[in-house]
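Close look at the chain arrangement
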Amino acid sequence: QVQLLESGGGLVQPGGSLRLSCAASGSIFSINAMGWYRQAPGKQRELVASITSRLSTNYADSVRGRFTISRDNAKNTVYLQMGSLKPEDTAVYYCHAESRGFRDTAYSPVWGQGTQVTVSS
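None of the values given here were measured: they were computed from a predicted structure.

**Regarding the environment of Gln-39**
In this fold, Gln-39 is placed in strand E4 (residues 30-39). Measuring from C-alpha to C-alpha, the distance between Gln-39 and Ala-91 comes to 5.3 Å, with 52 residues separating the pair along the chain. Once residues within four sequence positions are removed from consideration, Gln-39 is found in contact with Gln-44, Arg-45, Ala-91, Val-92 and Tyr-94. One polar contact links the side chain of Gln-39 to the main-chain carbonyl oxygen of Lys-43, over a distance of 3.1 Å.

Printed below as a string of structure tokens:
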């Protein structure tokens, strides 16, 4: 079974930066796409950014140009560098991966436990 462990959340002032990390561990045969989602109070969970195993990226319009997603395939880790943060970026950020174990025949979605990001002065 694959687990995702996020780190790097916290409180930051508007205009500031944060870097989130998410490491996958467990019985990993392969990881396809990885990404970050966020959910603000009273809102649905939304995609922030995603990256394939071949490092092709996709961003939500609201973060494009401010956030950068990257990954280290050797470490099964995905990062989200967040800059020019705004109060509306405040949310719980969840790591997501499509993973396949050694005994699996298909990829399955895995979620992290979430990390809080608060942008406030």
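More follows now that the structure is in view.
**Some details on the state of the cysteines**
For the coordinates displayed, the defined rule picks out one disulfide. Each sulfur of the disulfide joining Cys-22 and Cys-95 lies 2.0 Å from the other. Disulfide Cys-22 to Cys-95: torsion about the S-S bond roughly -85°, handedness left-handed. Separated by 73 residues along the polypeptide, Cys-22 in strand E3 (residues 18-26) and Cys-95 in strand E9 (residues 91-100) bring together distant segments of the chain. Comparing Cys-22 with Cys-95 shows no difference in burial state: the two are buried.

**Observations concerning the nonpolar core**
In this structure, Trp-36, Leu-80, Met-82 and Tyr-93 are the most contacted members of the largest nonpolar core, which totals 31 residues. Of all elements in the fold, only strand E1 (2-7), E3, E4, strand E5 (46-51), strand E7 (67-72), strand E8 (77-82), E9 and strand E11 (115-119) reach the threshold of two or more residues within this core. Once residues lying within four places of it in the same chain are set aside, the contact partners of Tyr-93 are Glu-6, Leu-20, Trp-36, Tyr-37, Arg-38, Val-48, Phe-67, Leu-80, Met-82, Gly-114, Thr-115 and Val-117.

Conventions used here
- Residues numbered from 1 in each chain as written.
- Predicted model: local features only at pLDDT ≥ 70, side-chain atom pairs only at ≥ 80, totals over all residues.
- Heavy atoms only, no water.
- Helix = DSSP H or I, 4+ residues; strand = E, 2+ residues; numbered from the N terminus.
- Contact = heavy atoms within 4.5 Å.
- Polar contact = N/O pair within 3.5 Å; in protein donor to acceptor, adjacent residues only side chain to side chain.
- Disulfide = S-S within 2.5 Å.
- Buried < 20%, exposed > 50% of the residue type's maximum accessible area, 1.4 Å probe, protein only.
- Core = buried A, V, L, I, M, F, W, Y, C linked by side-chain atoms within 4.5 Å.

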